[in-house]
Amino acid sequence: MKLAELEKELGVHFPKAFHRIYETGAMKWLEMSKEEITANREEYINDSKAFLMLDCSCELYIFDKISEAIDDLKEWIDEQEKGTDITLSEDITLIPFGQNGGGDLYCFLYSSETEEPMVILYCHDEYGNPSIEGHDFDEFIYIQMLDAVANEEDIDGEHFKEN
C-alpha cells in the first residue's frame, strides 16, 4: 500500500516531514505486506537507507498494519472510558504509526487546533493521559535520534548518518 492510498483510506494527511522522508524512498519497506517483510526482514534491517531502523524506542508499523492498530487503540480507549465521564473529544483523531518495545502506541494526534499532528505515546496499560513525544514529527524524529545515541547507536555508522 502506498502512502497516498493509506491517507485516503484513513481520511488524514500525514505530516510534511513524514512525506519528505517517504519521498526519498527511505520508507519503501513500510509499503510491503507482512509476508514480504517477514521474508526479507534481514534485508530491511540491514539497509542503511531504511528509515528509523535504529536502536531507538519507536518501531514503525508497515502501512498494512495501521488499520489493525487503530482497532486495537479503539478497544483500549473504550476500556479506559468505561465507568467514567471522560471521553475522547470528537475533534481529535488518533492514528497509530508505530509502537515501543512494550506495545504502547506512537500516534499522530490530529486536532482542529493544529496544522500538523502532534506525536503522542498511548500506553495500553495505563489510565493516565498519553505523553507528548513531539509537538510535530520533526521534533519526534529528533528525540528518536537522541534515543538511538543514548542506546549506543554508532553515530559514525552508515545507518545513523543516513537517518
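The structure displayed is predicted, hence computed values, not measured ones.

Caption draft 1: Fine view of the environment of Lys16. Inspection of the secondary structure assignment puts Lys16 in helix α2 (residues 16-23). By relative accessible area, which is 45% here, Lys16 ends up partly exposed. Linking Lys16 and Asp136, residues 120 residues apart in sequence, is a C-alpha distance of 9.6 Å. Among all residues touching Lys16, those that are not within four sequence positions of it are Glu115 and Glu116.

Caption draft 2: How the structure looks around α2. The set of residues buried in α2 consists of Ala17, Phe18, His19, Ile21 and Tyr22. Each element contacted by the buried residues of α2 is listed here: α1 (3-10), β3 (105-111) and α6 (137-150). One or two steps after α2, the chain reaches Gly25, where phi turns positive at roughly 95 degrees.

Caption draft 3: Spotlight on the side chain of Asp104. Secondary-structure assignment places Asp104 in the loop between β2 (92-99) and β3. In this structure, Asp104 is buried with no salt-bridge partner, the nearest side chain bearing the opposite charge being Lys65 at 13 Å. If we skip the residues at most four places from it in the chain, Asp104 touches Gly98, Gln99, Leu121, Tyr122, Cys123, His124 and Asp125.

Thresholds applied
Residues numbered from 1 in each chain as written. Predicted model: local features only at pLDDT ≥ 70, side-chain atom pairs only at ≥ 80, totals over all residues. Heavy atoms only, no water. Helix = DSSP H or I, 4+ residues; strand = E, 2+ residues; numbered from the N terminus. Buried < 20%, exposed > 50% of the residue type's maximum accessible area, 1.4 Å probe, protein only. Contact = heavy atoms within 4.5 Å. Lys, Arg positive; Asp, Glu negative; His and termini not counted. Salt bridge = Lys/Arg side-chain N within 4 Å of Asp/Glu carboxyl O.

Just distances and angles here, no functional claims.
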